[in-house]
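Breakdown of the fold
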2 protein chains.
Amino acid sequence: MENYLFDFIEQYMPLTEEEKKAIVDLDIIRSFKKGTILVKEGDIIKGGYLVIKGCLRSYCIVDGEEKTTGFYTETVPIVPVFGADDSRAAHFVSCVEDSIVTVGNPDMEKETMEKFPRFEKLCLIISEQLLEKNLASFADFKNSTPEQRYLDLLKNRPGLLQRVPQHQIASYLGIKPQSLSRIRKRVAQNGTV
Amino acid sequence: MENYLFDFIEQYMPLTEEEKKAIVDLDIIRSFKKGTILVKEGDIIKGGYLVIKGCLRSYCIVDGEEKTTGFYTETVPIVPVFGADDSRAAHFVSCVEDSIVTVGNPDMEKETMEKFPRFEKLCLIISEQLLEKNLASFADFKNSTPEQRYLDLLKNRPGLLQRVPQHQIASYLGIKPQSLSRIRKRVAQNGTV
């Protein structure tokens, strides 16, 4: 399983054998069953996750209703969303499928970075990349219709629609399940995809 | 003017005299007149900005209409939004007021980080903080009504409403100017703020 993690990191920088060994020694890879809740709203946040296999979902509960804020599939990192007090989770994170993920914690990260300062550079690159992606997604969301958002999802993450329930996709797109059904029908009829 | 920049950095880490001198030597502080366009959609992105004084705005043009994606006031950093080809700007950035900003570039950043590796840590902290804020803002935007968004803006950035035109505030909130007028009237009548 470590190989998936090495592949992910080596997109950004090659790893030495010593660094690979240090990563294995961290012992940060965990398996979770579908339905497991990894983070609850209000939990003290210990660190982020990187999905090696499977699918996680982040959501919050608004007026008793789950609102999906993100889906995280293979090699997508999850950064926790903090609430107003800045140390506790504002969202839930659960497993949509049986999943294998890396589980970090701040002490371990600090120690590793002191030993391998190159990892700080790596984290900076990944963090900046996530920030850029998120800024672009936010702007796209604001400036597009629900139908455009659905078409973008079909284009950019086609596999996701087969992996997660439709009502979760709907809330992720910021619409009701009935609206998603109508959009899907219209898109199928128009043959735009 | 450098003092504003030092204050910003020293929220995260104290600076040595040598580091302060190095920052001054970088000569990255520039003044721009209200209305100046710093970045055009399609420009090759050279780096980010940090507002020392004034107000910048990012926006894109959808069907001939400007859609505001962000306002950046004192000590708020701007990370450029990249388009699909990953090197060119997807958004415009302009000055809403006469503004003083730091102007970075990748070569300079690389050189500074090699000389002062502590700045890498600083950039990582700032980048992670921006990412967390952006994730929270995106989720809040998705899960709130236009009226809630307006109330949040009033609460979190009350000064902004006096500094920028109402139609820009409206597009920032993802609504039409008429809807913003209605919301403002309703909020004023209900005395919720």
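Residues numbered from 1 in each chain as written. Chains lettered and ligands numbered in written order. Predicted model: local features only at pLDDT ≥ 70, side-chain atom pairs only at ≥ 80, totals over all residues.

Okay, the overall build of chain A next. Assigned secondary structure in chain A consists of eight helices and eight strands. The C-alpha radius of gyration computed for chain A amounts to 18 Å, which stays within 12% of the reference 16 Å derived for 193 residues, consistent with globular compactness. Overall, the C-alpha framework of chain A stretches about 55 × 35 × 30 Å when taken along its three principal axes. Counting across all 193 residues of chain A, residues that qualify as buried make up 29%. (Helix = DSSP H or I, 4+ residues; strand = E, 2+ residues; numbered from the N terminus. Rg over C-alpha atoms; globule rule 2.2 N^0.38 Å. Buried ≥ 20, exposed ≤ 12 C-beta atoms within 10 Å, placed from the backbone.)

Before going further, it helps to spend a moment on the domain arrangement of chain A. All names here are of chain A. When the domains of chain A are assigned, the result is domain 1 (2–143) and domain 2 (144–193). The gap between the C-alpha centroids of domain 1 and domain 2 is 25 Å. Taken residue by residue, the interface counts 12 residues in domain 1 and nine residues in domain 2. Residue assignment for the side of domain 1 that touches domain 2 shows that the elements contributing at least two residues are β5 (65–72) and α4 (118–142). Take the side of domain 1 that touches domain 2: its biggest share by element is four residues, from β5. (Domains from an automatic or database assignment. Contact = placed C-beta atoms within 7 Å.)

What follows deals with the packing of helix α5 (residues 146–156) of chain A against helix α8 (residues 177–190) of chain A. Residue and element names in this part refer to chain A. Following both chains from N to C, one finds α5 and α8 inclined at 70°, their axes separated by 10 Å at the closest point. On the basis of the axis angle, α5 is roughly perpendicular to α8. The chirality of how α5 crosses α8 is right-handed. Contacts between α5 and α8 involve P146, E147, Y150 and L151 from the first element and S179, I183 and V187 from the second. Per-class residue counts for the contact of α5 with α8 are five nonpolar, one polar and one charged. (Axes fitted to C-alpha atoms, helices over the stretch in contact; angles between N-to-C directions. Parallel < 35°, antiparallel > 145°, perpendicular 65-115°, else oblique. Left-handed = near helix turned anticlockwise from the far one by under 90°. Nonpolar A, V, L, I, M, F, W, Y, C, P; charged D, E, K, R; others polar.)

With that settled, the discussion passes to the relation of the copies chain B and chain A. For the pair chain B and chain A, the superposition axis carries a translation of 0.0 Å, the fit reaches an RMSD of 0.0 Å, and the rotation angle comes to 180°. Considering both components of the superposition, the chain copies are consistent with a two-fold axis. Looking at chain B, 100% of its interface residues are interface residues in chain A too, so the copies touch through the same face. (Least-squares fit on C-alpha atoms with pLDDT ≥ 70 in both.)

You will see that D63(A), though not glycine, has its phi angle at about 50°, which is positive. With respect to the helices and strands, D63(A) occurs in the loop between β4 (56–62) and β5.

Each partner contributes residues to the interface: chain B has 27 residues there, and chain A has 27 residues. Broken down by secondary-structure element, the contributors of at least two residues to the side of chain B that touches chain A are β4 (56–62), β5 (65–72) and α4 (118–142) of chain B. The element contributing the most residues to the side of chain B that touches chain A is α4(B), with 15 residues. The class makeup of the residues in the side of chain B that touches chain A is 15 nonpolar, six polar and six charged.

What follows covers the sheet that holds strand β1 (residues 29–32) of chain A. Taken in spatial order, the four strands make up an open sheet running β1-β8-β3-β6 (chain A), and their pairing is antiparallel. Taken across any chain shown, the strands that pair with only one partner, and hence form the sheet edges, are β1 and β6 (77–78) of chain A. (Pairing = 2+ DSSP bridges.)

Looking now at the sheet that holds β5(B). Residue and element names in this part refer to chain B. Spatially, four strands are ordered β2-β7-β4-β5 in an open sheet, and the strand pairing comes out antiparallel. Edge positions in the open sheet fall to β2 (37–39) and β5, since each of these has one partner strand only. Taking each pair of neighbouring strands and ignoring which way they run, the sheet shows an average axis angle of 35°. In the sheet, β2 pairs with strand β7 (residues 92–95) via two bridges, with the strands oriented antiparallel. Considered in β7, the bridge of I37 is made with S94.

The next thing to look at is the confidence of the model for chain A. Model confidence for chain A is summarised by a mean pLDDT of 89, while 97% of its residues fall at 70 or above. The complex prediction reports pTM at 0.86, with the ipTM value standing at 0.85. (pLDDT = per-residue confidence, 0-100.)

A word on the environment of A136(A). Structurally, A136(A) can be placed in helix α4. By C-beta crowding, A136(A) is classed as partly exposed, having 18 other C-beta atoms within 10 Å. C-alpha of A136(A) to C-alpha of M108(A): the two residues are 28 residues apart in sequence and 31 Å apart in space. Discounting chain neighbours no more than four positions away, the residues touching A136(A) are V81(B), F82(B) and A90(B).

It is worth spelling out the packing of α4(A) against α4(B) at this point. With their axes 9 Å apart at the nearest point, α4(A) and α4(B) run at an angle of 30° to one another. One element, α4(A), and the other, α4(B), form an angle in the roughly parallel class. Regarding α4(A) and α4(B), the two cross each other, and that crossing is left-handed. The segment α4(A) lies against α4(B), with E120(A), K121(A), C123(A), L124(A), S127(A), E128(A), L130(A), L131(A), N134(A), L135(A) and F138(A) engaging E120(B), K121(B), C123(B), L124(B), S127(B), E128(B), L130(B), L131(B), N134(B), L135(B) and F138(B). Within the contact of α4(A) with α4(B), the residues separate by chemical class into 12 nonpolar, four polar and six charged.

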